[in-house]
Amino acid sequence: MDLEGVLHDSPIKRDSWKTVLTLAYQSLGVVYGDLSTSPLYVYKSTFAEDIQHSETNEEIFGVLSFVFWTLTLIPLVKYVFIVLRADDNGEGGTFALYSLLCRHARVSSLPNCQLADEELSEYKKDGSVTVSSDKRVHGSSLKSTLEKCRVLQRVLLVLALIGTCMVFGDGVLTPAISVFSAVSGLELSMSKEQHQYVELPVVCAILVFLFALQHYGTHRVGFLFAPVVITWLLCISAIGVYNIWQWNPHVYQALSPYYMYKFLKKTQKGGWMSLGGILLCITGSEAMFADLGHFSQLSIKIAFTFAVYPSLILAYMGQAAYLSKHHTIESDYRIGFYVSVPEKIRWPVLAIAILAAVVGSQAIITGTFSIIKQCSALGCFPKVKIVHTSSKIHGQIYIPEVNWILMLLCLAVTIGFRNTKHMANAAGLAVITVMLVTTCLMSLVMVLCWHKNVFLAICFIFFFGSIEALYFSASLIKFLEGAWVTVALSFIFLVVMYVWHYGTLKKYEADLQNKVSINWLLSVGPTLGIVRVPGIGLIRTELVTGIPAIFFHFVTNLPAFHQVVVFLCIKSVPVPHVRPEERFLVGRVGPKEYRLYRCIARYGYRDVHKDDVEFEKDLVCSIAEFIRSEKAEYNIGIEDFEEDGKLTVVGTLSSNFQGVKLCEDEAYSSEMIGSSEMREIESPKRRRKRVRFVVPESPQIDMDVQEELQELMEARETGMAFILGHSYVRTKRGSSWMKKIVINYGYDFLRKNSRGPTYALSMPHASTLEVGMVYFV
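Residues numbered from 1 in each chain as written. Predicted model: local features only at pLDDT ≥ 70, side-chain atom pairs only at ≥ 80, totals over all residues. Heavy atoms only, no water.

### Digging into the overall build of the protein
Inclusion rule: Elements are defined by DSSP. Helices are runs of H or I of four residues or more, strands are runs of E of two residues or more, and each kind is numbered from the N terminus. A 1.4 Å probe rolled over the protein chains alone gives each residue an accessible area, and that area as a share of the maximum for its type sets the label: buried under 20%, exposed over 50%, partly exposed in between. We call two residues in contact when some of their heavy atoms are within 4.5 Å. Shrake-Rupley sampling with a 1.4 Å probe provides the accessible areas, and residues are treated as covered by the protein chains on show and by no other component.
Scanning the protein from N- to C-terminus turns up 27 helices and 11 strands. Expressed as a percentage of its 777 residues, the buried residues of the protein come to 55%. A sequence separation of at least 24 residues applies to 83% of the contacts in the protein between residues at least 6 apart. Carbon and sulfur atoms make up 60% of the accessible area of the protein, which totals about 33600 Å².

### Notes on the packing of helix α5 (residues 58-81) against helix α16 (residues 297-324)
Rules: Convention adopted: a line fitted to C-alpha atoms gives each axis, helices being fitted over their contacting stretch, and angles between N-to-C directions are expressed from 0 to 180 degrees. In this scheme, roughly parallel covers angles under 35 degrees and roughly antiparallel covers those over 145, while 65 to 115 is roughly perpendicular and the rest are oblique. Residue classes follow a fixed rule: Ala, Val, Leu, Ile, Met, Phe, Trp, Tyr, Cys and Pro count as nonpolar, while Asp, Glu, Lys and Arg count as charged, and any other residue, Gly among them, counts as polar.
Where α5 meets α16, the closest approach of the two axes is 10 Å, and the angle between their N-to-C directions is 175 degrees. Between α5 and α16, the angle falls in the class roughly antiparallel. Between α5, through Ile60, Phe61, Leu64, Val67, Phe68, Leu71, Thr72, Pro75, Leu76 and Val80, and α16, the contact on the second element is made entirely by Lys301, Phe304, Thr305, Tyr309, Leu312, Ile313, Tyr316, Met317, Ala320, Leu323 and Ser324. Looking at the contact of α5 with α16, its residues break down into 17 nonpolar, 3 polar and 1 charged.

### Brief notes about the sheet that holds strand β5 (residues 584-588)
Rules: Only strands that DSSP links by at least two bridges are regarded as paired with each other.
Strand order in this open sheet of 7 strands is β7-β5-β6-β4-β3-β10-β11, and the pairing throughout is mixed. Whereas interior strands pair on both sides, the edge strands pair on one side only; in this sheet they are β7 (648-650) and β11 (768-776). For this sheet, the mean angle separating the axes of adjacent strands, direction not counted, is 25 degrees. Relative to β7, β5 runs antiparallel, the two sharing 3 bridges. Considered in β7, the bridge of phenylalanine 584 is made with valine 650.

### Some points on the nonpolar core
As a reminder, the rule being used: In these notes, a set of buried Ala, Val, Leu, Ile, Met, Phe, Trp, Tyr and Cys residues joined through side-chain atoms within 4.5 Å is what counts as a nonpolar core.
Grouped together as the largest cluster of nonpolar side chains are 166 residues, with contacts concentrated most on Tyr32, Leu64, Leu71, Phe304, Tyr316 and Met442. Broken down by element, this core gets its largest block of residues, 17 residues, from helix α19 (residues 420-448). The next biggest cluster of nonpolar side chains, apart from the first, holds 30 residues, and it includes Val499, Val565, Tyr747 and Val777.

### Looking at the packing of helix α8 (residues 140-148) against α19
Short version of the rule: Crossing handedness is defined as follows: a turn of the near helix away from the far one that is anticlockwise and smaller than a right angle gives a left-handed crossing, while the clockwise case is right-handed.
Contact geometry for α8 and α19: axes closest at 9 Å, N-to-C directions at 120 degrees. As far as their axial angle goes, α19 and α8 are oblique. The element α8 and its partner α19 pack so that their crossing is left-handed. Contacts from Leu142, Lys143 and Leu146 in α8 reach Leu444, Val447 and Leu448 in α19.

### Some points on the environment of isoleucine 354
Relative to the helices and strands, isoleucine 354 is located in helix α17 (residues 346-377). Overall, the relative accessible area of 24% leaves isoleucine 354 in the partly exposed class. As for isoleucine 354 and valine 203, which are separated by 151 residues in sequence, their C-alpha atoms are 9.8 Å apart. Every residue in contact with isoleucine 354, bar those within four places of it in the chain, is listed here: Ala182, Val183 and Ile206.

### So, the pattern of salt bridges
Put simply, the rule is: The salt bridge definition used is simple: a Lys or Arg side-chain nitrogen within 4 Å of an Asp or Glu carboxyl oxygen.
Counted by the stated rule, this structure contains 11 salt bridges. Between lysine 506 and glutamate 509 there is a salt bridge, and its shortest N-O distance comes to 3.6 Å. Highlighted residues: lysine 506 and glutamate 509, both in helix α21 (residues 483-513), separated by 3 residues, approximately one helical turn. Here glutamate 542 ties to arginine 540 by a salt bridge, and the two come within 3.5 Å at their closest N and O atoms.

### With respect to the packing of aromatic side chains
The test is simple: Pairing of aromatic side chains here covers Phe, Tyr and the six-membered ring of Trp, requires ring centres within 6.5 Å, and sorts the geometry by plane angle: under 30 degrees stacked, over 60 edge-to-face, intermediate tilted. Two conditions define a charge sitting above a ring: the NZ of Lys or the CZ of Arg must be within 6 Å of the ring centre, and it must be within 35 degrees of the ring normal.
All chains considered together, the criterion is met by 18 aromatic pairs. Look at phenylalanine 304 and tyrosine 309: their rings are 5.8 Å apart centre to centre, the planes differ by 45 degrees, and that puts the pair in the tilted class. Judged by relative accessible area, phenylalanine 304 falls into the buried class, the value being 0%. Pairing phenylalanine 460 with phenylalanine 464 gives two aromatic rings, centres 5.1 Å apart and planes at 55 degrees, and the pair type is tilted. On the criterion of helical spacing, the pair formed by phenylalanine 460 and phenylalanine 464 is a turn pair, its members being 4 residues apart in helix α20 (residues 454-476). The class for phenylalanine 460 is buried, based on a relative accessible area of 5%. Every member of this aromatic cluster is reached through a ring pair, and the members are Phe61, Tyr258, Tyr259 and Tyr261. Over the ring of tryptophan 450 we find arginine 85, and its NZ or CZ is 4.7 Å from the ring centre. Lying over the aromatic face of tyrosine 603, arginine 583 brings its terminal NZ or CZ to 4.3 Å of the ring centre.

### Describing the pairing of strand β4 (residues 560-572)
Consecutive side chains along a regular strand alternate between the two faces of the sheet. Along β4, 12 of the 13 residues are buried, which leaves the element largely enclosed by surrounding structure. Relative to β4, strand β3 (residues 531-540) runs parallel, the two sharing 8 bridges. Bridge assignment links valine 533 to a residue of β4, and that residue is histidine 562. Of the strand pairs in this sheet, β4 and strand β6 (residues 596-603) are connected by 8 bridges, and their pairing is parallel. When the sheet's bridge partners are listed, lysine 571 is paired in β6 with arginine 602.

### Thoughts on α5
A turn of α-helix holds 3.6 residues, and therefore any two residues three or four places apart point the same way. Quick reminder of the rule: Residue count minus one, scaled by 1.5 Å, sets the expected span of a helix.
Between its first and last C-alpha atoms α5 spans 32 Å; for 24 residues at 1.5 Å apiece the expected length is 34 Å, and the two agree. Counted residue by residue, α5 has 19 buried out of 24 residues, so it is predominantly covered.

### Re the environment of valine 251
Along the chain, valine 251 turns up in the loop between α11 (218-247) and α12 (258-267). The exposure class assigned to valine 251 is buried, which follows from its relative accessible area of 1%. For valine 251 and tyrosine 322, which are 71 residues apart along the polypeptide, the C-alpha to C-alpha distance reads 9.7 Å. Setting aside anything within four residues of it in sequence, one finds valine 251 in contact with Phe61, Leu64, Ile244, Met317, Ala320 and Ala321.

### Thoughts on a nonpolar patch on the surface
Put simply, the rule reads: Each patch groups residues whose relative accessible area exceeds 30% and which form no salt bridge, using 9 Å between like charges and 5 Å between nonpolar side chains of Val, Leu, Ile, Met, Phe, Trp and Tyr.
A contiguous nonpolar surface patch, about 480 Å² in accessible area, is contributed by Leu476, Phe479, Leu480, Trp484 and Val487. Relative to the helices and strands, leucine 476 is located in helix α20.

### Some thoughts on unusual backbone geometry
Although it is not a glycine, arginine 418 adopts a positive phi angle of roughly 60 degrees. For arginine 418, the position within the fold is in the loop between α18 (400-417) and α19. Overall, arginine 418 belongs to the exposed group, its relative accessible area being 53%. Residue histidine 451 is not a glycine yet carries a positive backbone phi of 60 degrees. Tracing the chain through its elements places histidine 451 in the loop between α19 and α20.

### Regarding the environment of valine 566
In this structure, valine 566 sits in strand β4. The spatial distance from the C-alpha of valine 566 to the C-alpha of leucine 619 is 9.5 Å, given a sequence separation of 53 residues. With near-sequence residues (within four places) excluded, valine 566 lies in contact with Ile536, Gly537, Leu538, Ile539, Tyr597, Cys599 and Ile623.

### Some thoughts on the confidence of the model for the protein
Stated precisely, the cut-off is as follows: pLDDT measures how confident the predictor is about each residue, on a scale from 0 to 100.
The pLDDT averaged across the protein works out to 80; a share of 81% of its residues lies at or above 70. Low confidence marks residues 1-15, where pLDDT is under 50. Its contacts with residues over four positions away, or in another chain, come to 33 contacts. Ignoring residues within four places in sequence, the model shows residues 668-687, a span with pLDDT below 50, making 15 contacts including any to other chains.

### With respect to the side chain of threonine 439
Operational definition: Residues adjacent in sequence count toward polar contacts only when both atoms are side-chain atoms; beyond that, a polar contact is any pair of N or O atoms within 3.5 Å, and within protein one must be able to donate a hydrogen and the other to accept it.
Looking at where threonine 439 falls in the secondary structure, it is placed in helix α19. For threonine 439, the side chain forms a polar contact with the main-chain oxygen of methionine 435, separated by 2.9 Å.

Printed below as a string of structure tokens:
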């Protein structure tokens, strides 16, 4: 599936209002499904046990005031007007902020960074390059401190990983609480005995159905998402207006902040503990930033400001107006969403609510897939199978292993808790932790990337951090009442991600320390001391410089090697996308007559990897273009050769650059067999590839270049052999017991149970060799 050109072929036209409004309409179904279903469970979770609804209405009006100002300050002011501006070339989310910081302060956890990566066109497209030099002084001391202190760099990485783990926990809890709250409307239409036997099986069936549909991709049912959410928003708005007009037209007075003061004064500790339920009104706000890459800033702002925000405010006001006139509702669900729905329309509203809950759950599941892909690309998560379900929308992916793990955990939470009270406590802690992480990273982005005054960043983190810290403390106090699930899940995933990252880093450092000197290569001569057989030998390595130890290990144990050798490194860079015309860095290893090349394929953390056949064509063509356009300065003697040769940026075939084109035709060649008996048994013809390089019109190519291109063409016709390096790491003697557990058991277990790299899955086994090395770290 060739998705590489999709990102750059159809850029969003920001000056077209038709495009903006279309994106705003689509964002309602993808981004706001979770946030729009929060009225189902906010009041019920808030009044679960800490506070009681009294006839004075101070509690319900205080909760309404808290909900209004929380929705106004966090999603509207913080996200819509501030955080959305901190996009990473159009991409959002926790890792987008971390990526920005890595590029501006050199705190990246990726070990194979190169200066050439900073020349990528998307590396500094955030406007900071136009900032005057006097404003850069604001963050210079902070930048130097971060670059020098390894402890702060690790803290920054752990902070980003914590935010990621909490998103994963949210992906477990949000489908459970949304679907459970939607289905709870059945309790109004049947007895309590019947309801307890019907509700749980229905919820589990819907969840299984939801996760089972993931492999089809959201684009197949995506056209239903936006209409469902719009219908739901219109429904809760209409019910809210009806309840305000019917029961309490003066409920708008409760929007005053004074009612928050009266609420806390009367309820005291109980009111503070109930903030964990109020917090759920902003569940899904982070999706506005996380899903930014699929839409645009303006479209998301329009959808929230003019559709989602007013609908939610009317819905909460309507529920408060109804409850202010109904103090004694004799049932266990006394303060739920459905009691405020007129009886005649409860069944239609129930159906719409279930559909809206499914849409909201779909959004957080897709978001979880996306962030796992980012973590895996940046070396912070074990390799998993990533299936792209759409050839037009790059962000729509499906990860089978993560999907089924989410489903099992979601069912376990649903069956284990069986009520929204404990689910709400767990979900609230996950939501507010992600927001706290975003606030901390945003304050650093303001100083390091936007070059704002440090005082402004301190004001930002103090104002929003204080609000979120208040909610965080109220959620954390419910640790034994459900919040422990979030902590446990996040801790497990944090350990997995950090162990994988630590093991990967140590393995790369061992590769780097054991790489072979160029002097060894020069000492064995052009033949490398062995027979050079026809074909291309493709050696996969993590190194971007030097000769990997696996090559030395291979040639010292086997007597032959290929006439053309390519050291291939597929690396991730801290940008969301790398343009096809900047995909490859190509250079030589050793003198020209050795026919050894280095090729570095660079991908962003949201890029789509091409299939193997197309990638091989791009790889060979990039080497051919490098040979054709190579400068004369490479024609130097062996004694003058440097350790690391210069690398040239070469694009892919799809980038339409004016360079060498590759044509491969299926051809038949006669094969003469020695005896007549053999001629009867064997086929007289065999299939082989005929390779042709189409060189653009240019000045006369010298004989050396023609000879080298001819040799590469013949090697490609013969075929390609894949040599995969497999480095095993073990701890040295005398290492600490913690390091032994992490490397010998933790990392080794994850490596054995994770998928191999995607390029190794479809390689022909007859052409693949694996060279193993054991490193002691």
